[in-house]
Every structure is written in C-alpha cells, then in structure tokens.
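Letter by letter, the chains look like this.
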Amino acid sequence: MRKVIIDTDTGSDDAAAIMLAVAAADVEILGVTTLGGNIALEQTTKNALQTLEVCGSDTPVYPGACRPIMRELVTADGVHGKDGMGDQDLVHPVRKAESRHAVDFILETVRKYPNEIEIIALGPATNIALAIMQDRETMSRVKHIWSMGTSGFGVGNCTPVAEFNVYVDADSYAIMLTSGIPVTIIGFDLCLGPAAMHREDLDYLKTASAAGEFAVKCTTALLNYNLQHRGECFVDLPDAVAMGVALWPDIVEDYVDAYCYCCTKEEPAYGQVIIYDVNQPLSIDYKIPPANAQVIRRINYQEFKNRFKASLARL
C-alpha cells in the first residue's frame, strides 16, 4: 500500500484530484495538507474537507502556509470562483481541520515512515519548502514528490513563461528543486486539448455518482472562464492529470530526466522553470548540471480520461 500526503491549495481541479486518490485501492492517504494558492488558506481547507466528505473519507486535513515565503499571495479566484469551487454553494463541511500545522505533520509523518512517503503537490510548494528549511535531513527521506507545476514544454498560464503554482511562490519551488528529493513534474502543457473534460465527459459525470456530480458543479466557474476566454466548452484539470500520473505511471508515454532551474530574480521571468534536456542539442557547448527532476512529455490522454471517469463513478 502506497503512503501519500496530498498537499493542495484546494480549488476545483484539486478537488477532482483528491477524489481520484480516495478512489485508488492501492493508496493510503495519511493526510491532506492545505495552503494558500488558488484562494486563501481558510477556504482551501474548507474545500478539502468538503471534497473528502463527498467521497466518504475521514482523512485528516492540516492547514499550512497562508502565504508564500517571500511575497504576497496571488490567487486565481477569477478562474475557480470566489470560493475556489465554482461559487455553487457547495462548501459546508461538517468536520473541522486538525490543529497541527501542515509542516509539522509532514515532518512527523516522514520521520515515522522514512523513505515511504510520497507527496503529491497540487499547489505552490510553500509547505514543502518550509519543511525542507526546518529539517532538511528528514525531508531527504521523502520517497518522491509528484508536482503539478511549471508550464512543461509549453507557454505559461499566469505569465507568458510561468505556470500559476510556481508563479505564486517560485522561491519555494526553487528550494524544492534543489533539495535532492526525487521529483516528477507534470506541466500545464499536458492538461489542455485531449486531456480536458469536454461536454460529453461532463454529461457522463453528472449522472455517474454523487462525486461525479460534485466534480462537475465545482468546475462551473472554470467552464465559464474557458467559454469566455477560449471560446470552447471544456474543463481543464491540471491537478487531476498530475494525480493520474502519480497513481497510474503506465499512462506515461514519454518523459525526460532534466535539470530544471526556477527563475526567482528577474520579475518578468519570475516563476519560469527552464528545463535543460540533455538530449536537446544546443549551439553553445557548456556543462549542464545533473538532472534534478523527471519531466513528463506525453501521456495516454484517452486512458487517463477513461480511468478518471471510472474512478469518480465508483465513489
């Protein structure tokens, strides 16, 4: 049984990802840690609790960082709604969050299960960076980090070069990349087009289960955003794609081991992650540092969607 911690700034696509993990038979979710990102910390925590309740899970939720380590918080409520869940009045959790801080929970859990804990990072890397800064030796015993972050090999969705999760706290993402912990990066470039949920997928989910209906309702604001800004009817779920890669490595069709550098100094480049592919010929010959991440290039999109829908139908 795999032991995982889900670290999330719970918006609508995070909720879909959490549902996938709950539905997985071979995964034990030891805890969900929350932080500010898509929206403020208090709301991301409520959203995580509500999502777990919809799935019938009593997994504990631990609130963490309310803001990045060096900057003010930037949110995405214009995409996911003011409550991060489509503004559909869905969020009324019965349970309360734990009193222990997320960073303390992460460190204590890794100490208890050295070299067994996988962290599935669906938001900014603030909690992870704080844990590394507090106890780097303990965090060196994290088995793996699965990160929904960077624009991959595409363009940014927050600036021309930066993806939202990294842009919110690039300083923390840089700390994570230089920590020595094995990291797999699932970029935003994998999450549009064939990986997105289109009208027929959403229609199926509405009637598949209570969890499927919840997933459709909480992505209402995201659907409207895409209609307005892209002129298309679809819901892109980057965090669910990242969770899919973590749960089902066999859907990965191509990846590269690369040295990834996170830009933190120049404001126009803040949050850009430069991916140095050792297989890519460059006109200037210089030594590229050793690989510090595995970056996914391509997945089997149809298989991901099939498993996503089947997973939510089981809840």
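All values reported here derive from a predicted model rather than from experimental measurement.

Trainee: I'd like a rundown of a nonpolar patch on the surface, residues and numbers included.
Mentor: A contiguous nonpolar surface patch, about 310 Å² in accessible area, is contributed by Leu282, Ile284 and Tyr286. Within the secondary structure layout, leucine 282 lies in the loop between strand S10 (273-277) and strand S11 (293-299).

Trainee: Go over the pairing of S10 with me, naming the residues and quoting the values.
Mentor: Burial of S10 is one-sided: the residues Val273, Ile275 and Asp277 facing one way are buried, the residues Ile274 and Tyr276 facing the other way are not. In the sheet, strand S9 (residues 252-262) pairs with S10 via five bridges, with the strands oriented antiparallel. Counterpart to tyrosine 261 in the pairing with S10 is isoleucine 274.

Trainee: Requested: an account of the pairing of strand S2 (residues 27-34), with residues and values cited.
Mentor: Of all eight residues making up S2, seven are buried, and the element is well covered by its neighbours. Relative to S2, strand S1 (residues 2-8) runs parallel, the two being bridged by seven bridges. Each bridged residue has a counterpart across the sheet, and for isoleucine 5 the counterpart in S2 is glycine 31. The parallel pair S1 and S2 is bridged by helix H1 (residues 12-23), and the resulting crossover is right-handed. Here three bridges tie S2 to strand S3 (residues 61-63), and the two strands are oriented parallel to one another. Among the inter-strand pairings, threonine 33 is bridged to a residue of S3, identified as tyrosine 62. Crossover connection from S2 via helix H2 (residues 41-54) to parallel S3: handedness right-handed.

Trainee: Talk me through helix H11 (residues 220-230); I want residue IDs and the actual numbers.
Mentor: Those residues of H11 that sit buried are Ala221, Leu222, Leu223 and Asn226. Elements that come into contact with the buried residues of H11 comprise H1, helix H3 (77-80), helix H9 (199-208) and strand S8 (234-235). Just downstream of H11, glycine 231 is the residue with a positive phi angle, here 70°.

Trainee: Describe unusual backbone geometry, with residues and values.
Mentor: Look at asparagine 115: it is not a glycine, yet its phi comes out positive at around 65°. Following the sequence through the fold, asparagine 115 ends up in the loop between helix H4 (102-112) and strand S4 (117-121). Positive phi outside glycine occurs at threonine 150, with the angle close to 70°. For threonine 150, a relative accessible area of 2% corresponds to the buried category.

Parameters at a glance
Residues numbered from 1 in each chain as written. Predicted model: local features only at pLDDT ≥ 70, side-chain atom pairs only at ≥ 80, totals over all residues. Heavy atoms only, no water. Patch = residues over 30% accessible without salt bridge, like charges linked within 9 Å, V, L, I, M, F, W, Y side chains within 5 Å. Areas by Shrake-Rupley, 256 points an atom, 1.4 Å probe, with all protein chains shown as cover. Salt bridge = Lys/Arg side-chain N within 4 Å of Asp/Glu carboxyl O. Helix = DSSP H or I, 4+ residues; strand = E, 2+ residues; numbered from the N terminus. Buried < 20%, exposed > 50% of the residue type's maximum accessible area, 1.4 Å probe, protein only. Pairing = 2+ DSSP bridges. Right-handed = clockwise from strand over helix to strand, strands pointing away. Contact = heavy atoms within 4.5 Å.

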